[in-house]
Amino acid sequence: MSPEEFRRAGHEVVDWIADYLAGVGEYPVLPRVQPGEIASRLPAHAPECGEPMERILDDFRQIVVPGMTHWNHPRFFAYFGITGSGPGILGEMLSAALNVNGMLWRTSPSATELEQVALGWLREWIGLPADFFGIIYDTASVSTLHAIAAARERADPSARRKGATPGLTLYTSEQSHSSVEKGAIALGIGQDYVRHVPVNERFEMRVDALQELVEADVAAGRKPFCVVATAGTTSTTSVDPIPEIADIAEKYGMWLHVDAAYGGPAAIAPEFRDTLRGAERADSLVTNPHKWMLTPVDVSAFYTRHPQILRRAFSLVAEYLETPDQAVNLMDYGVQLGRRFRALKLWFVMRYFGRERIAAIIREHCEFARRLAASLEQDGRFEICAPVRFSVVCFRLKGSEERNRALLDAINASGLAFLSHTVLNGVYVLRMAIGNARTTWQDIEKVRDFIFAWADAQ
Ligand SMILES: *Cc1c(COP(=O)(O)O)cnc(C)c1O
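Just so it is clear, the structure is predicted and the values come from calculations on it, not from any experiment.

### As for the domain arrangement of the protein
Domain parsing of the protein yields domain 1 (1-30 + 69-85 + 353-458) and domain 2 (101-340). Computed over C-alpha atoms only, the centres of domain 1 and domain 2 are separated by 29 Å. Buried area between domain 1 and domain 2, both sides added, is near 2600 Å², and the carbon and sulfur share of it is 67%. Its largest share of buried area at the contact with domain 2, domain 1 owes to Phe80, Arg389 and Phe390, together 28% of the area lost on that side. Connecting domain 1 to domain 2 are two salt bridges. With a shortest N-O distance of 2.5 Å, arginine 363 and glutamate 271 are connected by a salt bridge.

Written out as structure tokens, the structure is:
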């Protein structure tokens, strides 16, 4: 592609992005397509000869975009709302242009060093001590996999050579994310050695139950090696009692990992500092800037106080990768060799918005959630099914599961908004997760009024 052609198409793409972001609220949040429909509109075979950029961009607009779920939409309230912000998108474009592989310090010194600097800044923002070493992985699932690997390395150093010793046992609450169990599967710990600790009525891990389970396993000759606490669970955003869990982790020599994938950025706002209370005693922690911190997917920030153990779990240096540099080579701290320059977009976002603005956005989302919960409750026909700790409201229409399923289907089919559901204490509930920086109170009112009108029509 000639520089002139690149410039022309590039300007067109940037214009498209600017218009898209300005008008994203006009699209139906969920596309009106059936499975297979998009694929059926595309040729079955790749072209023999190249095609002009205009044709490719036309098909992007006419075939691809109509099949998109718009995560950048201000009324995307499913799972966790996220934001691809302007500065984050620009950082992503530049990292594609530089196209470095940051496996070693010398394969791009700035990529390694900016990653250390940006994660150092974030560590300060969320109040973690300076001895936490930071590294970026793609997702929280992969960050947690690395935490469990480091925990296994510490408890069972021969695992690396001989495979994990049977009986290593991991604890996490029954509200924790499935990635914890997946990590245990991948590392050969085994699902039978993952204990799902019961929660209290606020969906927080019960420390007495944790203690009992650990003691029963010790008595049976098993080896508790890791406990994963969650700060902001996926269903209800509950926060496990990290200080008490840290006491038990210390008592039994377990690695404490804190999964703050969603909740971590809340600690940027002073009034939510207590979200990570006790996390300074953790062995590792993950938080996802791509969730509630305005950075495009994907970027997950992983911290550990024991980088040497993480390194021991994974380091394997082939001759062709040996270098004389006295520097951190990030390939030593995980499964992957090649790594994208993800720190650039994070650094753009942190500089462009600054701590205060990010804290203000998070604060506003939490305020919206409280107002929404209050007005649903006031209506009388709805119940709020979990404490509104941050920006997620779990609610249901009083009555049958069928009615609630029908309500969710009606919202999602309308194109107005996208919500998801969860099950709490065996009961089906709707979940509205506020997390997009473009969301205004009017967006939330539109959805609430849709819900009220739907209930009126029943
Ligand atoms: C979203 C989430 C995850 C998974 O995040 P990925 O980056 O998609 O792997 C893990 N834990 C919690 C608590 C989450 O909310």
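### Quick notes on the pairing of strand β2 (residues 133-137)
Buried residues dominate β2, accounting for five of its five residues. Side-chain alternation along β2 places Phe133, Ile135 and Tyr137 on one buried face and Gly134 and Ile136 on a second face that is also buried. The sheet contact formed by β2 and strand β8 (residues 300-304) spans five bridges and is antiparallel. Across the sheet, tyrosine 137 pairs through a bridge with serine 300, a residue of β8.

### A short note on the site of the ligand
Within the structure, the ligand sits among 14 residues, and Ala140, Ser141, Asp259, Asn288 and Lys291 are positioned closest to it. Separating an oxygen atom of the ligand from a side-chain N or O atom of asparagine 288 is a distance of 2.8 Å. Alone, the ligand offers 390 Å² of accessible surface; in the complex the protein occludes 87% of this. Taking a 2 Å distance to the grid points as the criterion, the majority of the atoms of the ligand fall inside the second largest pocket. Those elements that place two or more of their residues in the shell around the ligand are α6 (140-155) and α11 (289-292). By residue class, the composition of the shell around the ligand is three nonpolar, nine polar and two charged.

Scoring rules and cut-offs
- Residues numbered from 1 in each chain as written.
- Predicted model: local features only at pLDDT ≥ 70, side-chain atom pairs only at ≥ 80, totals over all residues.
- Heavy atoms only, no water.
- Domains from an automatic or database assignment.
- Buried area = accessible area lost by both parts, 1.4 Å probe.
- Salt bridge = Lys/Arg side-chain N within 4 Å of Asp/Glu carboxyl O.
- Buried < 20%, exposed > 50% of the residue type's maximum accessible area, 1.4 Å probe, protein only.
- Helix = DSSP H or I, 4+ residues; strand = E, 2+ residues; numbered from the N terminus.
- Pairing = 2+ DSSP bridges.
- Near = heavy atom within 4 Å.
- Polar contact = N/O pair within 3.5 Å; in protein donor to acceptor, adjacent residues only side chain to side chain.
- Areas by Shrake-Rupley, 256 points an atom, 1.4 Å probe, with all protein chains shown as cover.
- 1 Å grid on protein atoms, 1.4 Å probe; cavity = no way out; pocket = protein on both sides within 12 Å on 5 of 7 lines; lining within 4 Å.
- Sits in = over half its atoms within 2 Å of the grid points.
- Nonpolar A, V, L, I, M, F, W, Y, C, P; charged D, E, K, R; others polar.

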